[in-house]
Amino acid sequence: MSGTLQVRDHLLNELETGVRTGEALIRKIRPEDWSFRPQDNFRSLLELVHHFVLIPASDLAIMQEKSEAEVGSIENSLSGVEDPERLAAAFRENFEAYKAYILSLSEDDYLNRSTKAFYMEHGHLQVQWQIETVTHVFHHRSQLYNYLKQLGHEVSFFMLYA
């Protein structure tokens, strides 16, 4: 296996860690937690979790040059869903679809194929999009962890790598 494909796989493994540990955090949420909002200008816990769970699906749509309307449809697809198990399952399904796409790319496409998001002037390479998705998931996993800490949940740093 080439070094490029090894890096691709390492990034997928890291993303899977973010998803697996994110699923565990989501499963800790109680019904009374959903409306929690740390400050007026922050997302509610429900809004944050919906966004978090949809990152692999929305980022995949963006890197596949889907329209703003198509991405918006994905981003609204969990409206009204508050069941932690259903949300965790959706996160896993979204990750698996994302992973299948990344694995389907030839090494040349992975390194050299550029796609442009509807909101950008210039495109990014598929490898750059993958890095963006990994950082996006970990950014919002951190927010979720902090929200749960503020709500008094038993969460520890160690569970982020279990």
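Residues numbered from 1 in each chain as written. Predicted model: local features only at pLDDT ≥ 70, side-chain atom pairs only at ≥ 80, totals over all residues. Heavy atoms only, no water.

- Going by what an unreviewed UniProt entry lists, the chain is known as DinB family protein and is assigned to Paenibacillus farraposensis.

1. Observations concerning the overall build of the chain
Phase 1: When its secondary structure is counted, the chain shows six helices and two strands.
Phase 2: Against the compact-globule benchmark of 15 Å for 162 residues, the chain has a radius of gyration of 16 Å, which places it among compact chains.
Phase 3: When its C-alpha atoms are laid out on the principal axes, the chain stretches across 50 × 35 × 25 Å.
Phase 4: Within the chain, the fraction of its 162 residues that count as buried is 45%.
Phase 5: Element-wise, carbon and sulfur atoms account for 50% of the exposed surface of the chain, whose accessible area totals about 8500 Å². (Helix = DSSP H or I, 4+ residues; strand = E, 2+ residues; numbered from the N terminus. Rg over C-alpha atoms; globule rule 2.2 N^0.38 Å. Buried < 20%, exposed > 50% of the residue type's maximum accessible area, 1.4 Å probe, protein only. Areas by Shrake-Rupley, 256 points an atom, 1.4 Å probe, with all protein chains shown as cover.)

2. Digging into the packing of helix α2 (residues 45-63) against helix α6 (residues 126-150)
A pair of packed helices is captured by two measures, namely the crossing angle of their axes and the spacing between those axes.
Phase 1: At a minimum axis distance of 10 Å, the contact between α2 and α6 shows a crossing angle of 175°. One element, α2, and the other, α6, form an angle in the roughly antiparallel class. On α6, the residues that touch L45, L48, V49, H51, F52, I55, D59, I62 and M63 of α2 are Q126, W129, E132, T133, H136, V137, H140, R141, Q143, L144 and Y147.
Phase 2: Class assignment of the residues belonging to the contact of α2 with α6 gives a composition of eleven nonpolar, six polar and three charged. (Axes fitted to C-alpha atoms, helices over the stretch in contact; angles between N-to-C directions. Parallel < 35°, antiparallel > 145°, perpendicular 65-115°, else oblique. Contact = heavy atoms within 4.5 Å. Nonpolar A, V, L, I, M, F, W, Y, C, P; charged D, E, K, R; others polar.)

3. A closer look at the packing of α2 against helix α4 (residues 84-104)
Phase 1: Viewed as axis vectors pointing N to C, α2 and α4 meet at an angle of 20°, and their least axial separation amounts to 9 Å. Between α2 and α4, the interaxial angle falls into the category roughly parallel. For the pair α2 and α4, the sense of crossing is left-handed. Here V49, H50, F52, V53, L54, P56, A57, L60 and M63 of α2 come into contact with α4, specifically with L87, A90, F91, N94, F95, A97, Y98, Y101 and I102.
Phase 2: When its residues are assigned to classes, the contact of α2 with α4 shows 16 nonpolar, two polar and no charged. (Left-handed = near helix turned anticlockwise from the far one by under 90°.)

4. Details of the environment of M1
Phase 1: As for its position among the elements, M1 is in the segment before α1 (3-26).
Phase 2: In the structure, M1 is positioned 41 residues away from F42 in sequence and 44 Å away in space, judged by C-alpha atoms.
Phase 3: Every residue in contact with M1, bar those within four places of it in the chain, is listed here: Q6 and D9.

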